[in-house]
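What follows is each chain in one-letter form.
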Amino acid sequence: MLGFMDLQSLLDDLAREVAPFAAQGKVADYIPALAAVDPTRFGIALAMTDGQLYGSGDWRVPFSIQSVSKAFSLALVLARDGEALWKRVGREPSGNPFNSLVQLEYEKGIPRNPFLNAGALILIDRLLSLTGDSLGTLRDFLRAESGNPTVDIDPEVAASEATHGHRNAALAHFMASCGNLENPVERVLDHYFRQCALTMSCADLAKAGLFLANHGLRADGSRLLTRSEAKRINSIMLTCGTYDAAGDFAYRVGLPGKSGVGGGILAVLPERGVLCVWSPALDPHGNGVAGVEALDRFTTRTGWSIF
Ligand code: GLU
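Everything in this summary refers to the structure shown in the same document.

Parameters at a glance
Residues numbered from 1 in each chain as written. Predicted model: local features only at pLDDT ≥ 70, side-chain atom pairs only at ≥ 80, totals over all residues. Heavy atoms only, no water. Helix = DSSP H or I, 4+ residues; strand = E, 2+ residues; numbered from the N terminus. Rg over C-alpha atoms; globule rule 2.2 N^0.38 Å. Buried < 20%, exposed > 50% of the residue type's maximum accessible area, 1.4 Å probe, protein only. Areas by Shrake-Rupley, 256 points an atom, 1.4 Å probe, with all protein chains shown as cover. Lys, Arg positive; Asp, Glu negative; His and termini not counted. Charge placed at Lys NZ, Arg CZ, Asp CG, Glu CD. Pairing = 2+ DSSP bridges. Axes fitted to C-alpha atoms, helices over the stretch in contact; angles between N-to-C directions. Near = heavy atom within 4 Å. Polar contact = N/O pair within 3.5 Å; in protein donor to acceptor, adjacent residues only side chain to side chain. Nonpolar A, V, L, I, M, F, W, Y, C, P; charged D, E, K, R; others polar. Salt bridge = Lys/Arg side-chain N within 4 Å of Asp/Glu carboxyl O. Core = buried A, V, L, I, M, F, W, Y, C linked by side-chain atoms within 4.5 Å. Contact = heavy atoms within 4.5 Å.

1. Quick notes on the overall build of the protein chain
Okay, step 1: Each helix and strand in the protein chain was counted, giving 14 helices and 10 strands.
Okay, step 2: A compact globule built from 307 residues would reach a C-alpha radius of gyration of about 19 Å, and the protein chain, at 18 Å, matches this within 12%.
Okay, step 3: Summarising its shape, the C-alpha atoms of the protein chain cover approximately 55 × 40 × 35 Å along the three principal directions.
Okay, step 4: Residue burial in the protein chain is summarised as follows: out of 307 residues, 59% are buried.
Okay, step 5: By element, 52% of the accessible surface of the protein chain is carried by carbon and sulfur atoms, the whole surface being about 11900 Å².
Okay, step 6: Taking the average location of the 28 positive side-chain charges in the protein chain and that of its 33 negative ones, the two points are 4 Å from each other.

As structure tokens, then:
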């Protein structure tokens, strides 16, 4: 087992080594509020199931978590609703961009998986029906698990998402036309845009994700998910969590992961801990270039992958 000093110096080495990779990517610019982020930022945090926390670089700096939030939404819906979800959304990789309209039309308004934008809209719709406040439920959960009561949305990013959200609105309206939304389109979109605008640091996210490494047990020891549900979420992260590059991510990193266009990636080391990296310069699929490189090097050097 690697000790405290080994892990800390490994993260420091990785932060230094992967810095040049930022030059290979491009910051998401489809909404102005994200385009303003410094592409050379890099953070990495490792929260262990034994309570140890390590980090390097900008690991305490909050960033826009974007689609990393979808892993948590899936957990909150599965915990309340179980298998009923799978009547409304699939669990196969899509091989298409995360905001594609084409596949949704020929598959009659049933999104291929819960991490596509359309699938995430279904998660939010269901959580709204179940709780009355999808964003509030998610935010409270993230605050509790990260131990950071200040976790909140960035209103500027949320407003920017809403102004430039035509494609997401199209996905939501199309699913409503197929009878696959329970709540009004505008309400679902409002919660979606604000959810994407949640800001958290690598340290917050790594801690918040620990239930996925802990077979569904929360930070206070209570159970969110059964062992089997936690396994299923990790499986979907492995196959669908990193856009249409999930195969390449699995090949290189060998861990379940969920990325977002803010540059964050959450990766689960079952029973050991959770890694979170932040690198805003993205590859063409939407994954942070330096972050994927750091995760690749981490699992290669430690041997800590699921395979
Ligand atoms: N807010 C983004 C969108 O809806 C999320 C994209 C992402 O991180 O995958 O386009």
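2. Description of the pairing of strand S2 (residues 43-48)
Okay, step 1: Within S2, 6 of the 6 residues are buried, which leaves it mostly tucked inside the rest of the structure.
Okay, step 2: By the bridge criterion, 5 bridges tie S2 to strand S3 (residues 53-57) in an arrangement that is antiparallel. Bridge pairing links Ile44 to Ser56 in S3.
Okay, step 3: Between S2 and the antiparallel strand that follows it, S3, lie 4 residues; Gly51 among them carries a positive phi value of about 100 degrees.
Okay, step 4: Across 6 bridges, S2 lies against strand S9 (residues 273-278) in antiparallel orientation. Residue pairing in the sheet places Ala47 in a bridge with Val274 of S9.

3. A look at the sheet that holds strand S7 (residues 257-259)
Okay, step 1: As summarised here, the arrangement of the 5 strands in space is S3-S2-S9-S8-S7, forming an open sheet in which the pairing is antiparallel. Whereas interior strands pair on both sides, the edge strands pair on one side only; in this sheet they are S3 and S7. On average, each strand axis in the sheet is inclined to that of its neighbour by 10 degrees, with strand direction left out of account.

4. Some points on the site of the ligand
Okay, step 1: The local shell around the ligand consists of Tyr30, Gln66, Ser67, Phe98, Asn117, Glu161, Asn168, Tyr192, Cys196, Tyr243, Gly260 and Val261.
Okay, step 2: Contacts to the ligand include Tyr30, whose side-chain N or O atom sits 3.2 Å from an oxygen atom.
Okay, step 3: For the ligand, a nitrogen atom lies 2.7 Å from a polar atom in the side chain of Glu161.
Okay, step 4: Compared with its free state, where it exposes 300 Å², the ligand has 98% of that area covered by protein.
Okay, step 5: Its residues assigned to classes, the shell around the ligand comprises 6 nonpolar, 5 polar and 1 charged.

5. A short note on the pattern of salt bridges
Okay, step 1: Counted under the stated rule, the structure contains 17 salt bridges.
Okay, step 2: A salt bridge links Arg41 to Asp58, with the shortest nitrogen-to-oxygen separation between them at 3.2 Å. Taken together, the residues Arg41 in the loop between helix H2 (32-35) and S2 and Asp58 in the loop between S3 and strand S4 (63-64) connect sequence positions 17 residues apart.
Okay, step 3: Relative accessible area serves as the criterion here: at 30%, Arg41 is assigned to the partly exposed category.
Okay, step 4: When the shortest N-O distance is used, the salt bridge between Glu145 and Arg218 registers 2.7 Å. Within this pair, whereas Glu145 is found in helix H6 (residues 134-146), its partner Arg218 is found in the loop between helix H11 (210-213) and helix H12 (227-240), the two being separated by 73 residues in sequence.
Okay, step 5: The structure contains a network of salt bridges with shared partners spanning Glu17, Arg252, Glu293, Asp296, Arg297 and Arg301.

6. Overview of the nonpolar core
Okay, step 1: Membership of the largest hydrophobic core comes to 77 residues, with the highest contact counts inside it found for Phe72, Leu74, Leu85, Leu142 and Leu205.
Okay, step 2: The dominant element in this core, judged by the number of residues it contributes, is helix H5 (residues 117-131), at 8 residues.
Okay, step 3: If we skip the residues at most four places from it in the chain, Leu142 touches Ile65, Phe72, Val151, Leu198, Met200 and Ala208.
Okay, step 4: Among the nonpolar cores identified, the runner-up in size contains 27 residues, and Tyr54, Leu255, Val277 and Trp304 belong to it.

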